Amino acid sequence: MQLQIYNTLTREKELFVPRIPGKVSMYLCGPTVYNRIHLGNARTFVLGDTIRRILVYLGYDVTYVQNFTDVDDKIIDRAAELGISVDELVEQEIKNYFTDAEALNIRAADKHPRVTAHIGDIVAFIEDLIAGDFAYVSDGDVFYSVESFPAYGQLSGQKLEDLALGSRVEVGEAKRHPADFVLWKAAKPGEPNWPSPWGAGRPGWHIECSAMVRSELGGHIDIHAGGSDLQFPHHENELAQSEALCPGEPLARYWVHGAFLIVNDEKMSKSQGNFFILRDILRHHDGSVVRFFLQSAHYRKPLAFDATSLDSANAALHRLKNTYAALEHVLAARDTPPASGEVLDLAKYEERFKETLADDFNAAGAWGVLFELAREANTAITRGGMGNTAEVLDTLHKLADVLGVELRVEKSIAAEVEELIARREEARRARDFWTADKIRQDLLQLGIVLEDTPQGVRWKLKW
RNA sequence: GGCGGCGUAGCCAAGUGGUAAGGCAGAGGUCUGCAAAACCUCUAUUCCCCAGUUCGAGUCUGGGCGCCGCCUCCA
């Protein structure tokens, strides 16, 4: 079993060889904190978290960094719109991000650096670029000179001539080449700014990641990930900045880009107006369902989203949760002798699961393996049990956790409800089915579903 | 115009040379006092079309058609 990763830089699936054997450093471009994330954004953050979990599962010691972009035009505009300070908005939205992430079972990264906490690193980085003749000062702004970096365009496959045609040069910008991009923006009145050798100002967008990778991870990393809209210009520019200073060693050995969420055959995005705020979706759907849905297609393929997507995902995931609950119930049944019968070949399933994930993080395929395991477990239960119920339960739980989904449904039950269930059992024994069905109906109103099984009554919360 | 990607059943999808995973929805059956859950059976002779390579192609090559993304803030 060897991990293979599709590398955007080479456009090929490559054998994964980290810089340091057994260790992986990974950086994911995080959110610009100006409002709640939408479902498309969530896909990328779930991807990063899933890759991290898979790497850990495969035995790597992972250092995972995800930044917050906390100074930017959109943030400044939004704060003004809301009539609050940039700081207030940023603090609020970072908090919101963690709330949303937690709902999707996205674990906090090892570090979540903020741009504004790294201004010194950024200024130092820009100074290095200027010293190396990769950047130039122009009236308080500092620009990166794309022509100084011959490899410019390698990540996106763009040629400088082609880029020049499409580039937009704003009035007043003194760029030497149309594709040159800003490293440091001179301060405008009323905007957040920091002192620098070129005057007060704030960092451009791309420089933050180069600087934070350098300060947090040492300048060279194994995996750099983000949504595919960041491939150009953001990642192309990051690469140019970082590798200008360190020729010979790549900024990232593997570039991973996640595909978009598609609504009505179009990319879900703020500008299209076809986006769904994650927060709103979570009002109606469990986070595990949303996460499961986001993993239902391979990360490099667009994933279609429509009104039925989450209901369908919910039904699918409950198939696994039901199997899990059934196994727990069998295991907990007191009066049944230890189950014998066939023993499920768990090693076989785990091997397939692992190999599928090792093939460019194929989570959707790995879920398929889990469904097959669930079917075999269900079949065994139907036939009277299996020899290794506890191990099946553990394996199912462990593998779902690699994908970040909890199959165990936490449930508590009030004493009155237990009393009702007991009374229904009495009624059933007395063949008073009218009363028994009445109690079952009443419980259903309370959101509790009863199932009569050979091992006794099983209940669950209605989904 | 430049660059990149996609096209698999009603729907969502996995699958990069060996004879079509999985899920949802649907039909029939089993189990059940009735349900629920589950199980069994059925639902793509076929992977947009046409050529080619090969013993063998959804998978490789060439051409065509359709769709999407990036090139401007964007996950």
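As a reminder, the structure under discussion sits directly above these lines.
Described below are features of the structure shown in this document.

**Comments concerning unusual backbone geometry**
Residues other than glycine predominantly adopt negative phi, and peptide bonds predominantly adopt the trans conformation.
Here is step 1: A cis amide bond links Phe-232 with the next residue in sequence, Pro-233, at an omega value of 0 degrees.
Here is step 2: When you line up the elements, Pro-233 lands in helix H7 (residues 231–245).
Here is step 3: Positive phi, close to 65 degrees, is recorded for Asp-265, a residue that is not glycine.
Here is step 4: With a relative accessible area of 75%, Asp-265 lands in the exposed category.
Here is step 5: Even without being glycine, Phe-361 reaches a positive phi, approximately 55 degrees.
Here is step 6: With respect to the helices and strands, the residue Phe-361 is situated in the loop between helix H11 (346–358) and helix H12 (363–382).

**Here's the deal with the pattern of salt bridges**
In a structure, side chains of opposite charge can pair up when their charged atoms sit close to one another.
Here is step 1: The full count for this structure, using the stated rule, is 33 salt bridges.
Here is step 2: We note a salt bridge from Arg-458 to Glu-451, for which the minimum N-O separation is 2.9 Å.
Here is step 3: Residue Glu-451 is classed as partly exposed on the basis of its relative accessible area, which comes to 21%.
Here is step 4: Beyond isolated ion pairs, a larger network of salt bridges with shared partners links Asp-49, Arg-53, Arg-291 and Asp-401.

**Structural notes on the sheet that holds strand S4 (residues 61–66)**
Remark on secondary structure: sheet strands pair via backbone hydrogen bonds, oriented parallel or antiparallel.
Here is step 1: Strand order across the open sheet formed by four strands is S4-S3-S9-S10, with parallel pairing between neighbours. Two strands close off the open sheet at either side, each with one partner strand: S4 and strand S10 (252–258). Adjacent strand axes in the sheet meet at a mean angle of 20 degrees, parallel and antiparallel pairs treated alike.
Here is step 2: Sheet topology places strand S3 (residues 23–28) next to S4; six bridges connect them, and they run parallel. Within the sheet, the bridge partner assigned to Leu-28 lies in S4 and is Gln-66.
Here is step 3: In the packing of helix H6 (residues 207–217) onto the sheet, contacts are made with S3, S4 and strand S9 (221–227), and the angle to S3 comes to roughly 150 degrees.
Here is step 4: In this fold H7 packs onto S9 and S10, with an angle of close to 155 degrees to the strand it touches most, S9.

**Notes on the nonpolar core**
Here is step 1: In terms of nonpolar packing, the biggest core is built from 90 residues, with Leu-39, Leu-55 and Phe-353 touching the most fellow members.
Here is step 2: By residue number, the principal contributor to this core is H12, which donates 11 residues.
Here is step 3: Grouped together as the second largest cluster of nonpolar side chains are 40 residues, Cys-29, Ile-119, Ile-122 and Leu-129 included.

**A word on the packing of aromatic side chains**
Both the distance between ring centres and the angle between the ring planes are used here to describe each pair of aromatic rings.
Here is step 1: Tallied over the entire structure, the rule returns 15 aromatic pairs.
Here is step 2: Taken together, a centroid distance of 5.5 Å and an interplanar angle of 80 degrees make the contact between Phe-68 and Phe-98 edge-to-face. In this pair, Phe-68 sits in the loop between S4 and helix H2 (73–82) while Phe-98 sits in helix H3 (residues 86–103), placing the two residues 30 residues apart along the sequence.
Here is step 3: Arg-300 extends its terminal NZ or CZ atom over the ring of Tyr-6, reaching a point 4.0 Å from the ring centre.
Here is step 4: The cationic tip of Arg-300 hangs over the ring face of Tyr-299; the distance from NZ or CZ to the ring centre is 6.0 Å.

**Points about the protein's contact with RNA strand B**
Here is step 1: Taken together, 64 residues lie near RNA strand B, and Trp-205, Gly-227, Met-268, Asp-437 and Arg-440 sit nearest.
Here is step 2: When the atoms of RNA strand B within 4 Å of the protein are sorted by group, sugar and phosphate make up 70%.
Here is step 3: In the environment of RNA strand B, a phosphate oxygen lies 3.0 Å from a nitrogen or oxygen atom belonging to the side chain of Lys-301.
Here is step 4: Contact distances for RNA strand B include 3.3 Å between a sugar or linking oxygen and a side-chain N or O atom of Ser-312.
Here is step 5: A total of nine residues in the surface near RNA strand B trace back to one element, the largest contributor, which is H12.
Here is step 6: Along the lines of polarity and charge, the residues of the surface near RNA strand B split into 19 nonpolar, 23 polar and 22 charged.

The rules behind these values
- Once a new chain begins, its residue numbering starts again from 1 and follows that chain's sequence as written.
- Each chain is given a letter, starting from A, and each ligand a number, starting from 1, according to the order in which they appear as written.
- A pLDDT threshold of at least 70 governs which residues receive local features in this predicted model, and a stricter bar of 80 or more applies before side-chain atom pairs are shown or counted, although totals over entire chains, interfaces and linings include all residues.
- Remark: hydrogens and water are excluded; side-chain values derive from all non-hydrogen atoms of the structure.
- Secondary structure counts use DSSP, requiring at least four H or I residues in a row for a helix and at least two E residues in a row for a strand, with both numbered from the N terminus.
- Relative accessibility thresholds used throughout: buried, under 20% of the residue-type maximum; exposed, over 50%; partly exposed, between the two (1.4 Å probe, protein chains only).
- Salt bridges are identified by distance alone: a Lys or Arg side-chain nitrogen within 4 Å of an Asp or Glu carboxyl oxygen.
- Strands were regarded as paired on the criterion that DSSP finds at least two bridges between them.
- Only the stretch in contact is used when a helix axis is fitted, and all axes are lines through C-alpha atoms; the angle between N-to-C directions ranges over 0 to 180 degrees.
- Whether two residues are in contact is decided by their heavy atoms, any of which lying within 4.5 Å being enough.
- Only buried residues count toward a nonpolar core, which is a set of Ala, Val, Leu, Ile, Met, Phe, Trp, Tyr and Cys residues joined through side-chain atoms within 4.5 Å.
- Whether two aromatic rings pair depends on their centres lying within 6.5 Å, for rings of Phe, Tyr and Trp, where Trp uses its six-membered ring; planes under 30 degrees apart make the pair stacked, over 60 edge-to-face, and the rest tilted.
- Consider the ring centre and the ring normal. A charge sits over the ring if Lys NZ or Arg CZ is within 6 Å of that centre and within 35 degrees of that normal.
- Throughout this document, a residue counts as near a molecule or strand when at least one of its heavy atoms sits within 4 Å of that molecule or strand.
- N or O atoms closer than or at 3.5 Å make up a polar contact, with two conditions inside protein: a donor-capable atom paired with an acceptor-capable one, and, for residues adjacent in sequence, both atoms drawn from side chains.
- Following the grouping adopted for this structure description, the nonpolar residues are Ala, Val, Leu, Ile, Met, Phe, Trp, Tyr, Cys and Pro, the charged ones are Asp, Glu, Lys and Arg, and the polar ones are all others, Gly among them.

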